[in-house]
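# Summary of structural features
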Amino acid sequence: MPPLLPVITTWAEWGRMFTNVPQWAAAVREICRRHHIPVQHVTAGFPGTNAVFVVDDACVVKIYAPFCPEDFELECELYTLLGNGSALPVPALIAQGVLEDQMRWPYIITEFKPGIPIREARAHIAHRQRVRLAAALGEMIRHLHHIPVMQLTTLDPTPAGWRALVRQRAAQAALPTQWEDILPAAVAAEIPGFLASVLAADDEAPVVLMNGDLTEDHILLEQDGGKWRVSGLIDFGDALVGQKEYEWVALWFSGLDRDYECLAAFMESYDARIKLDDDFFTRAMAYTFIHEFATDILATTLKILGNPPIASIKELQALLWQG
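Note that the structure is a prediction, hence the values are computed from the model and not measured.

For the rest of this paragraph, the subject is the overall build of the protein chain. The number of helices and strands found in the protein chain is 12 helices and 10 strands. Its C-alpha atoms give the protein chain a radius of gyration of 21 Å, within 12% of the compact-globule value 20 Å for 323 residues. Buried positions account for 52% of the 323 residues belonging to the protein chain. Taking as baseline every contact in the protein chain between residues at least 6 positions apart, the subset at least 24 positions apart corresponds to 69%.

So this is what it looks like as C-alpha cells:
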C-alpha cells in the first residue's frame, strides 16, 4: 500500500498540512476501517496543535503531531476517565491506536459532541443567558477539580511537582526578554519580586486536576428549545495538576471574554466562598505571568485595549483583570 501521509520533521511542515482534509482523508478512513466505523464524509475540526477531523457528525478522529507524543498518552487517560458517565460533557473515548505509515501516527477516536465553540455563538446570545452559561460552566469545573488526582498516571499528581513547575515558570517570567515589545522595561522589572511575594503563600495549597486551556474554542454550546447550554468540553492536551487559580487565566481572557458578571456567576457556582476582591485579582495577575501562554495572552489583550501606557504591575492588573 502506498504511504498515506508524508514524513514530517518540522513544525513548519506540520503547519502547512495539518488542516488539509484531502491530505488526511485516506488516513482517517483507514483508521476508521480498523475500528469498523463507516465513513461517508470527513471534515476538518477546529485547528489546534494536532490534526482533528469530524467523521459524519458521529465521531472525531484526532491524529497527533510527531512532536507531541505526551498529548496522546494524556488524552487517552483523561478522555477515558472523564468521558464515561461523569458529570462533565466530555467526549467518551471510542478507540485509540497508532497508524504505522512512513512514521508512527498516534490517534484517538472520540464521541462527537454537537455544538459550536462559544467563540462563534457569543454574539448571538443575550448577556443574561451568557451569565447563566457561565454559572453552569462553574459547576462543571467544580466537578473536574474534585476528581482525585492520585489516580492519574500521565501527570505528576504531587504538590511538589506543581511547585517545581511554578518555580520554573516564575524564573522564565523574570527574564526581561520575555516581555520585550509587550511591557515597559520598568514593569517587567517588577515581575520577579511580585511573583515571589504572591506565590510564596501557595506552598501549602492543595492541587487539583485542571483543563489548563478553557478557551473559547474548547467550550461547545448547543441550542435546546431556544436556550443555549454547554454541550461539550473538548481538548485536554494542556491538562495539568496544580493550583486552581491557574485555571482562571484562559477562562477569563478567552472562555468568558473578560466579562466580569460571567466571572462572578462562574465563581458563585464553582465555590461561593471565593470573593472577587483585591487578593483574588492579585493572585490572578501572578498566575497570568506564569501561564504557559502568558506572552501571547498579554500581547493580544493589550493590543485589543489599544496598548495603553502602563506604569506598574498594579496598573496592569487593574487593566487586565478589573477593567
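Judged by nonpolar contacts, the single largest core of 85 residues is most densely connected at W179, L183, L195, F266, F289 and W321. The contacts of W179, once residues within four sequence positions are left out, are A173, A188, I191, F289, A294, T295 and L298.

Let's shift gears to the pairing of strand 8 (residues 219-224). Here strand 6 (residues 116-117) pairs with strand 8 via two bridges, running antiparallel. Among the inter-strand pairings, I116 is bridged to a residue of strand 8, identified as L221. With six bridges connecting them, strand 8 and strand 9 (residues 227-233) associate as antiparallel partners. Within the sheet, the bridge partner assigned to I219 lies in strand 9 and is L233. Between strand 8 and strand 9, which pair antiparallel in sequence order, lie two residues; one of them, G225, sits at a positive phi of approximately 65°.

Okay, helix 12 (residues 313-321) next. Within helix 12, burial applies to I313, L316, Q317, L320 and W321. What you see down the axis of helix 12 is that its buried residues fit within an arc of 100°, all on one side.

With that settled, the discussion passes to the sheet that holds strand 4 (residues 93-100). With antiparallel pairing, five strands are arranged side by side in an open sheet as 1-2-3-5-4. At either end of the open sheet lies a strand with only one pairing partner, and these are strand 1 (42-44) and strand 4. In this sheet, neighbouring strand axes are inclined to one another by 25° on average, regardless of whether the strands run parallel or antiparallel. Strands in contact with helix 3 (residues 69-82) are strand 3 (59-63), strand 4 and strand 5 (104-111); relative to strand 5, the strand with the most contacts, it is inclined by about 20°.

A separate point is the pattern of salt bridges. Taken as a whole, this structure holds 14 salt bridges when the rule is applied. Linking R34 and E30 is a salt bridge whose minimum nitrogen-to-oxygen distance equals 3.1 Å. A residue pair is termed a helical-turn pair when its members lie 3 or 4 positions apart in one helix, as R34 and E30 do in helix 2 (residues 21-34) at four residues. According to the relative accessible area criterion, R34 is partly exposed, its value standing at 34%. What makes E30 buried here is its relative accessible area of 12%. In the salt-bridge network here, residues are joined through shared partners; they are E30, R33 and R34.

This next bit is on the packing of aromatic side chains. The geometry of an aromatic ring pair is captured by the separation of the ring centres together with the interplanar angle, meaning the angle of the planes. Summed over the entire model, instances satisfying the criterion amount to 19 aromatic pairs. Taking the centre distance of 5.7 Å and the plane angle of 85° together, the rings of W162 and Y246 count as edge-to-face. In this pair, W162 sits in helix 6 (residues 159-173) while Y246 sits in the loop between strand 10 (240-242) and helix 8 (247-255), placing the two residues 84 residues apart along the sequence. Accessibility assignment for this pair places W162 and Y246 in one class, buried. A ring pair is formed by F194 and F289, whose centres lie 6.0 Å apart and whose planes are at 85°; its orientation type is edge-to-face. With F194 in helix 7 (residues 185-199) and F289 in helix 10 (residues 278-289), the pair connects residues that are 95 residues apart, well separated along the chain.

Take the environment of F280 next. The topology assignment puts F280 in helix 10. For F280, a relative accessible area of 9% puts it in the buried group. Put simply, F280 and V54 are 226 residues apart on the chain and 40 Å apart in space, counted from C-alpha to C-alpha. Contact partners of F280, with chain neighbours within four places excluded, come to W248, L263, M267, I274 and K275.

The buried count for strand 5 comes to six of eight residues, which makes it a mostly enclosed element. Relative to strand 5, strand 3 runs antiparallel, the two sharing five bridges. When the sheet's bridge partners are listed, V60 is paired in strand 5 with T110. The hairpin turn running from strand 4 into strand 5, its antiparallel successor, is three residues long.

Reading the values: the criteria
Residues numbered from 1 in each chain as written. Predicted model: local features only at pLDDT ≥ 70, side-chain atom pairs only at ≥ 80, totals over all residues. Heavy atoms only, no water. Helix = DSSP H or I, 4+ residues; strand = E, 2+ residues; numbered from the N terminus. Rg over C-alpha atoms; globule rule 2.2 N^0.38 Å. Buried < 20%, exposed > 50% of the residue type's maximum accessible area, 1.4 Å probe, protein only. Contact = heavy atoms within 4.5 Å. Core = buried A, V, L, I, M, F, W, Y, C linked by side-chain atoms within 4.5 Å. Pairing = 2+ DSSP bridges. Arc of directions from axis to C-beta. Axes fitted to C-alpha atoms, helices over the stretch in contact; angles between N-to-C directions. Salt bridge = Lys/Arg side-chain N within 4 Å of Asp/Glu carboxyl O. Phe/Tyr/Trp six-rings, centres within 6.5 Å; stacked < 30°, edge-to-face > 60°.

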